[in-house]
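# Coordinates in review
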Amino acid sequence: MASGNLLLPLRQVVTIEAKMASKRDFFQDPVVERLLMKHGFRVHITNMGSREIAKQDYEGYDVVFPSGQPAADLISRERARANRPVLLYRPFVSPIVLATYRDYAEVLTAEGVAKRLPGPAGRPMYYTLDMRKFIDLARGKRAGVRRDPDNGYRWDEIDRDDRVRNGNKILAQTSDICEANSAGTYLGLVAFVEHGNDAPDDEAEAEQLARKIKPLLVEQGLPSSERAETYLSPDGQSIAPVTVIYEHQFLAHQIGHQAENGATDGERVLLYPSTRFVTEPQLVALTGEGARLGELVTKDPELQHRAMELGFRARNADGGATGDELARFLTERHIPVPTTSSDDTRAVLPSLPLLEKMIEIVGDCQDRAGSR
């Protein structure tokens, strides 16, 4: 026999079928799950990379939520060609960052490649990374002197104080370039810097640039599917000392660490690229129920507040990104607020067809697809 308070009306719960990339962090949060249930939604998530979401069939799904605009644009164009338009929702934003450890950040600072941003007691949590100088080290160029470009510098060659004891090449590791938005976006950043702070204009230029930057993105072996988990693991420093993740993943870790331990994690820090690109995760509603979910997560005050508690930069009432509420939340919990320099360069990604071509070349995506 069913139990419970029979005086309460039974609310019909709609199960939303969804494909999601890294922003599943939000929907799998227990508080978010309870808030959604209060509004009659349960979200069943199939987890995969952003580009994989766009490339695979999404029939039978109510929403898909890639982590960046390129994948969402692929889906929108495909549906428009089939005369099945979609609705797009942008509930929050999260910049691409390079996550590292204090000793590595200080080695880069001593080299003049990184710069400390203001922080408590001389132990900053945030640094600015000069992307041109960082790439130069990987290219074998240091202090204006170039050696063989195939002989990039290693950590122990620039570590004057023997801080890190690492003989690997100086590179940032990413998730799977053929699948993940974070990796594709970082590819776009590197390409932008290598191309003189400009995006390629045509296919021939894009192909040449992709082959030029390929060693900077794939030389350290096959990437894991989820770099943030590796970075935050106890062995992260020995596996990938510099890792491309989203800002909210780092802030969520620090918020949780402060709540559990009364202090932030002082060994993990962020490098904000001097050339930056703010990702625009877009929830793509494919059905009417998906659109109801999109409206809810975009406009509901409780869900927007919870997004901030999970490290996201929520949007204001006009749809623009704002970090003011996040800054207040972090300050109240004695967590340093991330700041970026006004001198930073805003990167421009290649057009969608050119970016797709570059991703396929750098990741050998076509060859891998054929071998499955």
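To keep things clear, this report deals only with the structure shown in the data block. (Residues numbered from 1 in each chain as written. Predicted model: local features only at pLDDT ≥ 70, side-chain atom pairs only at ≥ 80, totals over all residues. Heavy atoms only, no water.)

### Notes on the packing of helix H9 (residues 203–218) against helix H16 (residues 352–363)
In contact at an axis separation of 8 Å, H9 and H16 are set at 40 degrees when each is read in the N-to-C sense. As judged from the angle between their axes, H9 and H16 are oblique. Both H9 and H16 take part in a crossing whose hand is right-handed. Contact residues: H9 offers Glu203, Ala206, Glu207, Leu209, Ala210, Arg211, Ile213, Lys214, Leu217 and Val218, while H16 offers Leu354, Lys357, Met358, Ile361 and Val362. Considering only residue class, the contact of H9 with H16 consists of 10 nonpolar, no polar and 5 charged. (Axes fitted to C-alpha atoms, helices over the stretch in contact; angles between N-to-C directions. Helix = DSSP H or I, 4+ residues; strand = E, 2+ residues; numbered from the N terminus. Parallel < 35°, antiparallel > 145°, perpendicular 65-115°, else oblique. Left-handed = near helix turned anticlockwise from the far one by under 90°. Contact = heavy atoms within 4.5 Å. Nonpolar A, V, L, I, M, F, W, Y, C, P; charged D, E, K, R; others polar.)

### Quick look at the packing of aromatic side chains
The tally for this structure, following the rule as stated, stands at 10 aromatic pairs. On the basis of an interplanar angle of 50 degrees and a centroid distance of 5.1 Å, the ring pair of Tyr101 and Tyr231 is categorised as tilted. With a gap of 130 residues between them, Tyr101 in strand S5 (residues 92–101) and Tyr231 in helix H10 (residues 227–232) connect regions that are remote in the sequence. Residue classification places Tyr231 among the buried residues on the basis of a relative accessible area of 1%. Clustering of aromatic rings is evident, with ring pairs tying together Phe26, Phe27, Phe65, Phe92 and Phe312. Stacked on the ring of Tyr153, the Lys or Arg Arg142 has its end atom at 5.7 Å from the ring centre. Above the plane of the ring of Tyr153 lies Arg147, whose end atom (NZ or CZ) is 3.8 Å from the centre. (Phe/Tyr/Trp six-rings, centres within 6.5 Å; stacked < 30°, edge-to-face > 60°. Buried < 20%, exposed > 50% of the residue type's maximum accessible area, 1.4 Å probe, protein only. Lys NZ or Arg CZ within 6 Å of the ring centre and 35° of its normal.)

### Topic: the pattern of salt bridges
Evaluation of the coordinates by the stated rule reveals 24 salt bridges. For Glu59, the salt bridge is made with Arg79, and the minimal N-O distance between the two is 4.0 Å. Separated by 20 residues along the polypeptide, Glu59 in the loop between helix H3 (50–55) and strand S3 (63–65) and Arg79 in helix H4 (residues 69–81) bring together distant segments of the chain. Exposure remark for Arg79: the relative accessible area of 7% places this residue in the buried category. Among the ionic pairs, Glu194 bridges to Arg139, the shortest N-O distance being 3.0 Å. Here Glu194 is found in helix H8 (residues 181–194), whereas its partner Arg139 is found in the loop between helix H6 (131–138) and strand S8 (141–142), with 55 residues between them in sequence. (Salt bridge = Lys/Arg side-chain N within 4 Å of Asp/Glu carboxyl O.)

### Focus: the state of the cysteines
If you walk through the whole model with that rule in mind, you get 1 disulfide. At a sulfur-sulfur separation of 2.0 Å, the disulfide partner of Cys178 is Cys365. For the disulfide bridge between Cys178 and Cys365, the dihedral angle about the S-S bond is near -95 degrees, and by the sign convention the bridge is left-handed. Remark: Cys365 occurs in helix H17 (residues 365–370) and Cys178 occurs in the loop between helix H7 (155–158) and H8; sequence separation between them is 187 residues. (Disulfide = S-S within 2.5 Å.)

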